[in-house]
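Okay, here's what each chain looks like letter by letter:
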Amino acid sequence: AAALLAARGIASGSQTDYGWAVQGGLKLNLPWLAPGDGIYLQGAYGEGALVYTGYSFFTGYYSSQLTPVQGGPFVQALADAVINPLTGRIDLSKSFTAAASLLHYWTPEWRSAVFGSYGEVGFRRGTREAFSLVNSLVGSTAPPIGAAFASNPILRDTYQIIAGSSLIWSPVKDLDIGIEGIYLGTGLLGGRDADVTRPVTLNGLPVYTENRYDTTQIRIRVQRDF
């Protein structure tokens, strides 16, 4: 990579760039429904700060890419930043999330919540193409254009939808016993990706592709606060 940059007249050396994020939230009390009821709204935006926007919470921290869940058909690009191999510049990823939740007390001992969120993570336009072009220059079989590039997982912009509900019983103070169901949907903001669970190719191109992955999860929780 250093030789390729030098050939383009780009000097080597360390670079520094800073990620940042902003977050805001609002709580609306709904005492006319029941004591303790409320709506919670929250949003976050960041550049080079995925953890602070909460986008990578369900798939892991500080990993360059991961499947939405273990065994998923395609990976998510989760890098805070990448170095553009053609310009030598640090390109920060951009991400945002928006979440809402409603909490309702059926009785002082029983409460439930419904919640949902939407988020996106993306990379600077042209960075994905630059990576593919450099790989092509060093002998990769995937060209920077065409079907092979279109189905390649490198630096794909993705979105994520999360929705769920819970039912909690608190028989005594500071003891919660409950059940929670969660839906997680992850998809590409454009195009399709090779399905890594079915690695079949024809003339070097993937036979099976995906652009969305859905999964559900049910959890039982017992929590005691001291």
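First things first, this report covers the structure right here in the doc.

1. Topic: the environment of Leu30
Secondary-structure assignment places Leu30 in the loop between strand 1 (20-29) and strand 2 (38-47). Taking relative accessible area as the criterion, Leu30 reaches 10% and is therefore assigned buried. Spatially, the C-alpha atom of Leu30 lies 9.3 Å from that of Leu103, the residues being 73 residues apart in sequence. Each residue touching Leu30, except ones within four places of it in the same chain, is listed here: Asp37, Gly38, Ile39 and Leu102.

2. Thoughts on the sheet that holds strand 10 (residues 175-188)
A sheet is described by the order of its strands in space; here 7 strands give the open sequence 1-2-7-8-9-10-15, paired in antiparallel fashion. What marks the edges here is a single partner per strand, and that holds for strand 1 and strand 15 (212-224). This sheet shows a mean twist of 10° between the axes of neighbouring strands, independent of strand direction.

3. What about unusual backbone geometry?
Trans is the prevailing form of peptide bonds, just as negative phi is the prevailing case for residues other than glycine. We note that Leu155 has phi near 50°; this positive angle belongs to a residue other than glycine. Of note, Leu155 is situated in the loop between helix 4 (147-150) and strand 9 (158-169). Phi at Asp174 is positive, roughly 70°, even though this residue is not glycine. For Asp174, the location among the structural elements is in the loop between strand 9 and strand 10.

Each value, and the rule that gives it
- Residues numbered from 1 in each chain as written.
- Predicted model: local features only at pLDDT ≥ 70, side-chain atom pairs only at ≥ 80, totals over all residues.
- Heavy atoms only, no water.
- Helix = DSSP H or I, 4+ residues; strand = E, 2+ residues; numbered from the N terminus.
- Buried < 20%, exposed > 50% of the residue type's maximum accessible area, 1.4 Å probe, protein only.
- Contact = heavy atoms within 4.5 Å.
- Pairing = 2+ DSSP bridges.
- Axes fitted to C-alpha atoms, helices over the stretch in contact; angles between N-to-C directions.

Any link to function would need more than the numbers given here.
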